[in-house]
Amino acid sequence: MNLRQLVSALNDFAAPALAESWDNVGLLVEPSPPHTVNTLFLTNDLTEEVMEEAVQKKADLVLSYHPPIFTPLKRVTCKTWKERLVVRALENRIGIYSPHTAYDAIPHGVNNWLAKGLGACTSVPLHPSTAPSSPAEGTHRVEFSADAEHLDAVLSKIKDIPEISCLTTLPARVEGEEQTRVSLNCSQKALLEVVALLSQNSLLYHRTEILLLQKPLLPHTGMGRLCTLSEPVSLSDIIERIKGHLQLPHVRVAVGAGRTLESPVKKAALCAGSGSSVLKGTEADLYLTGEMSHHDVLDAVANGISVILCEHSNTERGFLSELRNALAIHLQNKINIIVSEKDRDPLQVA
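Everything numeric in this text was worked out from a predicted model, so none of it was measured.

1. Looking at the overall build of the chain
Helices and strands together make up the secondary structure of the chain, namely 12 helices and 15 strands. For a compact globule of 350 residues, the expected C-alpha radius of gyration is about 20 Å, and the chain comes in at 26 Å, more than 25% above that figure. Seen along its three principal axes, the alpha-carbon backbone of the chain occupies a region of about 80 × 60 × 40 Å. When burial is assessed residue by residue, the chain has 49% of its 350 residues classed as buried.

Below you can see the structure in the form of structure tokens.
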């Protein structure tokens, strides 16, 4: 498959616009075209060891969940390991694509996979995503009625205001009089100028309506998950379920104030990776994530919320096998998809 066709298909699988604003997602390294992809190589972290594995397995595109290029590179040399990744990729004509938080947000993504470790439950996003694109432009819609005497002068001044779009006029009957209904979309800044203009004529001003435009929420899409278990389960049982799901011999546990390992868990809030900012303030019996700061753990425990920490990438890596199967279907089995055998969490219990 041509690289650009594949990137388009990957973007359809999870729109990059769903990623957090601070993230760096999409195609990060592109070999000179034309570039055909026969083998897609999946990894959670693209380390030098994993890159060598990709080279040996003749990968044409690496899909690295975490973006190996995050902060801007000022040069591409062999001095630092991230620069060497780019050098090795281009030398071997290997592209690099990263979805990161776009995969966190989608209904068939990392957080939904992590939620399966809790057992039977229903889940909703903690921070729902809005539609990446919407027909409406601007932040506000302004509508007002004007008679023929004022219409041309008002429209002439409005058209001189920047950041106004979707300006339309329609015949209208107001209090028995033939008038024109004007509708426009504008930015927050332009709104102030429009209101100032209309307020110069009290009749126009009193016939003005202002609507706040908001993009629609996407169902089952967003950051984190609040999971409601079908039946309450003890914290100790949840721990064993999570260890089994993630194939881990150990996890770190903080028991909430007033709770024990036998206390029931009915609601669990989770976030793959580093979940402090996503989970903070959520009412639940349990927080499940890869890592949290010491003080955020203390806050949760003080509020009677138990915490399970599994290390950052351990809450993500297992998703790759499920992703391989999902992408095979999405890409109609047109390319070979393999999962890295060298990718692993850098931390271990000694």
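2. Describing the packing of helix α2 (residues 48–56) against helix α3 (residues 81–91)
Pairs of packed helices are described in terms of their axes, by the angle between the two and the distance that separates them. Following both chains from N to C, one finds α2 and α3 inclined at 5°, their axes separated by 10 Å at the closest point. It follows from the interaxial angle that α2 and α3 lie roughly parallel. Packed against α2, whose contacting residues are E48, M51, E52 and V55, the element α3 presents W81, R84, L85, R88 and A89 at the interface.

3. A short note on the sheet that holds strand β14 (residues 306–309)
Across a sheet, strands are paired by hydrogen bonds formed along the backbone, either parallel or antiparallel in direction. Taken together, the six strands give an open sheet; going across it, the order is β5-β10-β12-β13-β14-β11, and neighbouring strands pair in mixed fashion. At either margin of the open sheet sits one strand with a lone partner, and together these are β5 (121–130) and β11 (252–254). When the angles between neighbouring strand axes are averaged without regard to direction, this sheet yields 25°. Inspection of the sheet shows strand β12 (residues 264–274) paired to strand β13 (residues 286–291) by five bridges, in the parallel sense.

Conventions used here
Residues numbered from 1 in each chain as written. Predicted model: local features only at pLDDT ≥ 70, side-chain atom pairs only at ≥ 80, totals over all residues. Heavy atoms only, no water. Helix = DSSP H or I, 4+ residues; strand = E, 2+ residues; numbered from the N terminus. Rg over C-alpha atoms; globule rule 2.2 N^0.38 Å. Buried < 20%, exposed > 50% of the residue type's maximum accessible area, 1.4 Å probe, protein only. Axes fitted to C-alpha atoms, helices over the stretch in contact; angles between N-to-C directions. Parallel < 35°, antiparallel > 145°, perpendicular 65-115°, else oblique. Contact = heavy atoms within 4.5 Å. Pairing = 2+ DSSP bridges.

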